[in-house]
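# Coordinate inspection notes
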Amino acid sequence: MRHFLFSLALWLPFAALAQSPSGLTTQNAVVEFDSRKSDPNSDLEFMYAINDPEGHSFLRSSSSTQGTILGCISNGRIVYEDDFHAEGNWIKLTISEEMVDSVCGENPRTIRNLEYEISRKKISGYIHKSRLKRMSSLHPILASKKAISKQITFYKFDSVSLEVGTQKFHRQNHKVIKQDQINYLVDGHHVWGMDGGLPTFETRTFQIQVGTQPVEIRHEDFAPFYQIKSDRWEMFADDFGGLYLFADGSDGAGGYTVVYTIMNGTITSVSARISYFA
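Now for a look at the structure at hand. What you see is a predicted model; the values in this text were computed from it and never measured. (Residues numbered from 1 in each chain as written. Predicted model: local features only at pLDDT ≥ 70, side-chain atom pairs only at ≥ 80, totals over all residues. Heavy atoms only, no water.)

The next subject is the layout of surface pockets. In this structure, the largest pocket encloses a volume near 260 Å³. What lines the largest pocket is a set of 17 residues, among which Gly55, Asn75, Pro108, Met263 and Asn264 lie closest to the centre. Residues of the lining of the largest pocket, tallied by class, amount to 4 nonpolar, 11 polar and 2 charged. (1 Å grid on protein atoms, 1.4 Å probe; cavity = no way out; pocket = protein on both sides within 12 Å on 5 of 7 lines; lining within 4 Å. Points joined across faces, edges and corners; volume = space filled by probe spheres on them. Nonpolar A, V, L, I, M, F, W, Y, C, P; charged D, E, K, R; others polar.)

The backbone of aspartate 187 shows a phi angle near 55 degrees, a positive value even though the residue is not glycine. Secondary-structure assignment places aspartate 187 in the loop between strand 15 (184-186) and strand 16 (189-190). Looking at aspartate 187, the relative accessible area reads 37%, which means it is partly exposed. The backbone of glutamine 227 sits at a positive phi, close to 55 degrees, despite the residue not being glycine. (Helix = DSSP H or I, 4+ residues; strand = E, 2+ residues; numbered from the N terminus. Buried < 20%, exposed > 50% of the residue type's maximum accessible area, 1.4 Å probe, protein only.)

As a further point, take the nonpolar core. Core analysis: the biggest nonpolar cluster contains 29 residues, and Phe157, Ile208, Trp233 and Tyr260 have the highest contact counts within it. For this core, the secondary-structure elements that each account for two or more residues are strand 12 (152-157), strand 13 (160-168), strand 17 (201-210), strand 19 (234-237), strand 20 (243-249), strand 21 (256-263) and strand 22 (266-274). Among the elements that take part in this core, strand 21 stands out by supplying 4 residues, more than any other. Beyond its immediate sequence surroundings of up to four residues, tyrosine 260 is in contact with Phe206, Asp221, Phe222, Phe225, Trp233, Leu243, Tyr244, Leu245, Ile267, Ser269 and Val270. Ranked by size, the runner-up nonpolar core spans 15 residues in total, among them Ile50, Val79, Ile111 and Leu132. (Core = buried A, V, L, I, M, F, W, Y, C linked by side-chain atoms within 4.5 Å. Contact = heavy atoms within 4.5 Å.)

Our focus in this paragraph is the sheet that holds strand 17. Taken in spatial order, the 5 strands of this open sheet run 11-12-13-17-18, and their pairing is antiparallel. On the outer flanks of this sheet lie strand 11 (144-147) and strand 18 (213-215), each paired with one strand and no other. Strand-to-strand, the axes of this sheet are offset by a mean angle of 20 degrees, without reference to chain direction. Sheet analysis places strand 11 next to strand 12, joined by 4 bridges and oriented antiparallel. Among the inter-strand pairings, lysine 146 is bridged to a residue of strand 12, identified as phenylalanine 154. (Pairing = 2+ DSSP bridges. Axes fitted to C-alpha atoms, helices over the stretch in contact; angles between N-to-C directions.)

Let's shift gears to the environment of lysine 121. Examined against the element boundaries, lysine 121 turns out to sit in the loop between strand 7 (111-114) and strand 8 (122-128). Lysine 121 gets classed as exposed once you look at its relative accessible area, which sits at 56%. In this structure the C-alpha to C-alpha distance between lysine 121 and isoleucine 95, which are 26 residues apart in sequence, comes to 8.5 Å.

Once that is clear, we can look at the pattern of salt bridges. Two side chains carrying opposite charge are able to pair once their charged atoms lie near each other. Following the criterion strictly, the structure yields 9 salt bridges and no others. Its salt-bridge partner being arginine 134, residue glutamate 45 comes within 3.9 Å of it at the nearest N-O pair. On the criterion of sequence distance, the pair formed by glutamate 45 in the segment before strand 1 (47-50) and arginine 134 in strand 9 (residues 132-134) is long-range, its members being 89 residues apart. Overall, glutamate 45 belongs to the buried group, its relative accessible area being 18%. Across the salt bridge formed by aspartate 52 and arginine 131, the nearest N and O atoms sit 2.7 Å from each other. Taken as a pair, aspartate 52 in the loop between strand 1 and strand 2 (56-60) and arginine 131 in the loop between strand 8 and strand 9 lie far apart in primary sequence, 79 residues in all. Taking the relative accessible area as the measure of exposure, aspartate 52 reaches 4% and is therefore buried. One salt-bridge network, held together by shared partners, links Arg112, Arg218, Glu220 and Asp221. (Salt bridge = Lys/Arg side-chain N within 4 Å of Asp/Glu carboxyl O.)

So, in structure tokens, the structure goes:
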């Protein structure tokens, strides 16, 4: 089990609303499963999103507004509890340099914040704790879902639709490299969802649509996530228009969580970590 440091009291109570700030209905959708928002054993309790009225938060050299600005972290970037610690009203972050922009206010880049693939170069700095919001305190968007077939599940999160299709993993269709006695690389990527060995099934299709607009998704942003639990996708909304798709996968031991951040109809972040409960 991953060792975690502590839980910060950054949670803000959520009063049920007819609509979330993003305009998505949170009460009137058909409910076929419950959010894990209140589940103390959910990885959502240890994951945080940058949430700032300006659309980005300044990363400073010291715990003061007088500290030198080292860069900006865009809204929707995901940080984990073992990436930071509290110092009064400030949070000291140690994160991948890829998460930090040198120019503030531009449309955020799409980044991959994957535990096995993140940059080895780290940067440390401070943000005010009010700019960090626990994932479990975001607004849950209730969902309806139906199985189109044995391999395809369709979700409707109010105006957002998601279709996830899986199929049996066929080794001959991939470039497989054995790293050691039990671990492999598949198509150049770590095999998410396995505690050694090759996966038994993979994600074949992954399609998101916001309103009438399809969201562009690169194959490499979903292909490495094997053993995905296609019946357990969830969606949350923040106060500034950001949407977060959350799921997990496992072969029974190699558990992980993955979060897709969607801002203005574009995926701006794909984050994945080994589960805190693996």
